[in-house]
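# Structural characterization, general
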Amino acid sequence: MALGTILDPTAVRADDITHPGPDLGDLRGKTIGFRVDIMWRSWDWISALWAKELEAAGAKVVFWRAGGRTGDEGARMAEGLKDFVGQIDAAIVGLGNCGSCTGWTIHDALAAAARGVPTIAICTQNFEELGHTLARRGGRSGLRLHILPHPLNEREQADVEGVGREHYLPMMAAFGAHHTAAQEAAE
Amino acid sequence: MTEATVKTPIIRDCGPEGCEVDWLTSRPIETEVDDVLDFTRFAMEQDWGDGLPLIPPTVERVREFLAVGGRYPDELIGVIPPMNTECTVEKIVINAVMAGAPAESLPLICAAVEAICDPRFDIGGLNATTGSVVPLVVVNGPIRDQLGIPYQHGCFGGAPSMATAIGRTLRLLMRNVGGQKLGVSCESVFGNPGRIAGIVLGEWEERSPWAPLAQRRGVPGNAVTVYGAMGTMNILDIDSHSGPEFLESIGRSLAYPGANNFCPSVAFGESMVAINPVWAAIIGRDVPDIMDVQELIWRHSSLPIDAFQKRLADRIVETGRVQADGRVYLTPTPMDVLVFVAGGTGSLHAHGIHSWGTCLSATKGVQ
């Protein structure tokens with residue numbers, strides 16, 4: 001048996017931001033941006049429901065829908081993302097419900113977080129570890145994630161909306177929100 | 001098993017032209033190096049491997065590879081998601097040594113890495129997806145024969161050649177530099193056999209009635225075209241006699257409702273077809289213009305909207321993809337159908353390769 005020196009075939013990204021970023025805080029007067037996609041009807045239903053709650057709590061809500069991320073459409077999406085994160089005070093980014101869409105969800109959440117706005121990414125349970133892994137590998141392991149049950153998209157609309165209602169307050173708590181109308185009502 | 005220990009490198013002369021500075025920056029690790037099975041076991045424990053035997057990437061082997069390959073190790077070739085780490089020539093060489101690739105293949109591997117890192121290819125999505133997609137590499141130019149890249153019998157898999165080690169190098173780089181780990185950063189539900197050693201083949205340019213694939217994409221000579229392949233599908237036709245008949249057969253075979261490109265969430269995509277040299281001669285005789293070939297395949301690789309189940313059909317209608325003729329097309333335009341000539345002379349089969357979706361093919365010259 002002979003010992004020798006080999007070279008490590010891997011490459012590791014060393015930088016990492018472990019802080020989750022700023023809390024959402026008081027909702028009143030803030031512009032909350034939802035990043036939705038062209039894949040998940042379940043996320044359309046839940047984000048629409050959450051948007052109503054946020055508006056009731058005094059926030060303004062805007063939506064940005066991500067499409068194809070390559071070629072000419074990809075260039076338009078890159079510009080669209082830049083505009084989107086430039087006009088919001090906080091970002092709710094989803095939906096990580098497949099491999100590549102979790103990749104782009106985290107990518108877009110990192111873009112918002114890099115701008116310093118409170119950001120939370122939404123994934124389903126099966127893709128929770130992937131979401132955290134990609135956030136870490138994107139240099140921000142502290143990125144907030146809120147996890148919805150899986151499977152989700154396979155359910156009927158009423159069932160999915162039930163999940164959305166059930167998860168609104170926990171999501172807002174994870175986001176560091178203060179004094180939402182829903183919370184006040186619950187109290 | 002030998003315990004790995006970090007130590008300082010002791011060899012100080014290196015680089016393709018000989019230099020006095022140590023260009024190698026990778027972490028040196030002392031371990032067993034004269035037994036492939038022991039090293040493979042060690043590498044698997046480190047999560048570096050793919051299950052096949054690995055050659056220990058000793059400092060000496062890496063330097064020798066670099067000297068033959070003629071590239072400096074600190075040259076940055078691309079950044080590979082999801083790790084978003086820099087893929088330098090040094091990392092390529094270390095993984096190529098482990099895969100058993102020849103040093104002469106370094107320029108081709110570098111070109112392939114450059115291609116998969118092209119933003120249009122979306123290697124980040126490809127690395128993470130639940131799909132089974134893998135980069136397929138089509139090689140054009142004299143380098144095919146110089147490296148023995150197969151383009152005749154069994155070229156998609158099974159032909160004994162260095163293409164296997166070259167493709168395996170790309171796969172190791174996606175794991176070890178890109179950070180593609182199943183169940184952690186990669187959600188592929190099934191994977192596919194091409195994820196072991198890649199899919200690397202050439203075009204049989206001499207038997208093609210049309211210009212080489214890469215040349216048609218603006219890169220003449222030695223070049224690679226990478227394509228996000230969901231797998232391969234057989235297209236058998238023992239009845240056609242004319243070019244238009246073969247193209248209709250190919251097009252119809254490509255269109256099935258579960259193809260990723262028909263998913264309403266896939267905004268656009270490509271498709272790829274390898275045509276055997278016997279059919280190519282017939283098709284070239286009857287349809288000499290490659291754009292007409294693409295047009296005919298494209299026209300037939302479509303389905304009437306009522307061929308889809310209702311929920312799917314409703315969503316396709318919402319996207320506006322149903323054309324005036326009531327059909328849904330696999331790709332947006334005929335130009336999105338990639339066609340090349342390869343395969344044995346036994347005829348009878350074409351090879352269809354569906355794409356994963358919006359990862360668009362990329363062509364790069366081999367420097």
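Residues numbered from 1 in each chain as written. Chains lettered and ligands numbered in written order. Predicted model: local features only at pLDDT ≥ 70, side-chain atom pairs only at ≥ 80, totals over all residues. Heavy atoms only, no water.

Once that is clear, we can look at the pairing of strand E6 (residues 199-202) of chain B. All names here are of chain B. On E6, burial covers both faces: Ile199 and Leu201 on one face and Val200 and Gly202 on the other are all buried. Judged from the four bridges that link them, strand E5 (residues 134-140) and E6 form a sheet pairing that is parallel. Bridge pairing links Val138 to Leu201 in E6. (Buried < 20%, exposed > 50% of the residue type's maximum accessible area, 1.4 Å probe, protein only. Helix = DSSP H or I, 4+ residues; strand = E, 2+ residues; numbered from the N terminus. Pairing = 2+ DSSP bridges.)

A word on the layout of surface pockets. Size it by volume and the largest pocket reaches roughly 1100 Å³. What lines the largest pocket is a set of 41 residues, among which A:Met39, A:Trp40, A:Cys98, B:Cys263 and B:Ser265 lie closest to the centre. Listed by contribution, the elements that provide at least two residues to the lining of the largest pocket are helix H3 (99-114) of chain A together with helix H13 (310-319) of chain B. Along the lines of polarity and charge, the residues of the lining of the largest pocket split into 18 nonpolar, 15 polar and eight charged. Size it by volume and the second largest pocket reaches roughly 560 Å³. Taken together, 26 residues form the lining of the second largest pocket, with A:Trp104, A:His107, B:Pro81, B:Asn84 and B:Gly124 sitting closest to its centre. Of all the secondary structure elements, the ones that give two or more residues to the lining of the second largest pocket are helix H2 (71-86) and H3 of chain A together with helix H5 (123-128) of chain B. (1 Å grid on protein atoms, 1.4 Å probe; cavity = no way out; pocket = protein on both sides within 12 Å on 5 of 7 lines; lining within 4 Å. Points joined across faces, edges and corners; volume = space filled by probe spheres on them. Nonpolar A, V, L, I, M, F, W, Y, C, P; charged D, E, K, R; others polar.)

The subject of this paragraph is the sheet that holds strand E6 (residues 119-124) of chain A. Residues and elements named next belong to chain A. An order of E4-E3-E5-E6-E7 is seen for the five strands of this open sheet, with the pairing classed as parallel. Each end of this open sheet is capped by a strand with a single partner; those strands are strand E4 (60-65) and strand E7 (144-148). In this sheet, adjacent strand axes meet at a mean angle of 20° when their direction is disregarded. Lying over the sheet, helix H1 (residues 41-56) contacts strand E3 (31-36), E4, strand E5 (90-96), E6 and E7, oriented at roughly 175° with respect to E3. Packed on one face of the sheet, H3 meets E3, E4, E5, E6 and E7 and runs near 170° to E5. (Axes fitted to C-alpha atoms, helices over the stretch in contact; angles between N-to-C directions. Contact = heavy atoms within 4.5 Å.)

Residues and elements named next belong to chain B. Spatially, E8-E13-E9-E12 is the arrangement adopted by the four strands of the open sheet, whose pairing is mixed. The open sheet terminates on both sides in strands that have one partner only, identified here as strand E8 (233-236) and strand E12 (337-341). With strand direction ignored, the average angle separating the axes of adjacent strands in the sheet is 25°. Relative to E12, strand E9 (residues 271-275) runs parallel, the two sharing five bridges. Within E12, the position partnered with Ser271 by the bridge is Val337. Running at roughly 145° to E8, helix H10 (residues 243-254) makes contact with E8, E9 and strand E13 (349-354) of the sheet. Strands E9 and E12 of the sheet are contacted by helix H12 (residues 290-300), whose axis makes an angle of about 120° with E12.

What follows deals with the interface of chain A and chain B. Think of interface size as the accessible area that goes away when the parts come together; that is how it is often given. Opposite the 33 residues of chain A that make contact, chain B presents 54 residues. Interface of chain A and chain B: buried area, both sides summed, is about 3700 Å²; carbon and sulfur atoms make up 59% of it. Summed over the three residues of chain A that lose the most area to chain B, namely A:Ile6, A:Leu7 and A:Arg137, the buried surface amounts to 21% of that side. One can count two salt bridges joining chain A with chain B. Applying the counting criterion to the chain A and chain B interface returns 19 residue pairs in polar contact (both at pLDDT 80 or more). Of all the secondary structure elements, the ones that give two or more residues to the side of chain A that touches chain B are strand E1 (3-7), H2, H3 and helix H4 (128-137) of chain A. (Buried area = accessible area lost by both parts, 1.4 Å probe. Salt bridge = Lys/Arg side-chain N within 4 Å of Asp/Glu carboxyl O. Polar contact = N/O pair within 3.5 Å; in protein donor to acceptor, adjacent residues only side chain to side chain.)

On to the pattern of salt bridges, then. Applying the stated rule across the entire model yields 21 salt bridges over all chains. A:Asp26 is the salt-bridge partner of A:Arg28, the closest N and O atoms lying 2.9 Å from each other. By relative accessible area, which is 56% here, A:Arg28 ends up exposed. For B:Arg252, the salt bridge is made with B:Glu248, and the minimal N-O distance between the two is 2.8 Å. Taken together, the residues span about one helical turn, with B:Arg252 and B:Glu248 both in helix H10 at a distance of four residues. The class for B:Arg252 is exposed, based on a relative accessible area of 55%. You can call B:Glu248 partly exposed: its relative accessible area is 28%. Through salt bridges with shared partners, a single network forms among A:Arg35, A:Asp37, A:Arg69 and A:Asp108.

Residue and element names in this part refer to chain B. Under the criterion given, the structure shown has 11 aromatic pairs over all chains. Ring centres of Phe39 and Phe42 lie 6.2 Å apart, and the angle between their planes is 45°; on these two criteria the pair is classed as tilted. On the criterion of helical spacing, the pair formed by Phe39 and Phe42 is a turn pair, its members being three residues apart in helix H1 (residues 36-45). Phe39 sits in the buried class, given a relative accessible area of 0%. (Phe/Tyr/Trp six-rings, centres within 6.5 Å; stacked < 30°, edge-to-face > 60°.)

Let's shift gears to the packing of H10(B) against H12(B). Angle between the axes and distance between the axes: these two values describe a pair of packed helices. All names here are of chain B. One can describe the packing of H10 onto H12 by two numbers: an axis separation of 7 Å at closest approach and a directional angle of 45°. Classified by the interaxial angle, the pair formed by H10 and H12 is oblique. The two elements H10 and H12 cross, and the hand of that crossing is right-handed. Residues Pro244, Leu247, Glu248, Ile250, Gly251, Arg252 and Leu254 of H10 pack against Val293, Leu296, Ile297 and His300 of H12. Each residue belonging to the contact of H10 with H12 can be placed in one class, and the counts come to seven nonpolar, two polar and two charged. (Parallel < 35°, antiparallel > 145°, perpendicular 65-115°, else oblique. Left-handed = near helix turned anticlockwise from the far one by under 90°.)

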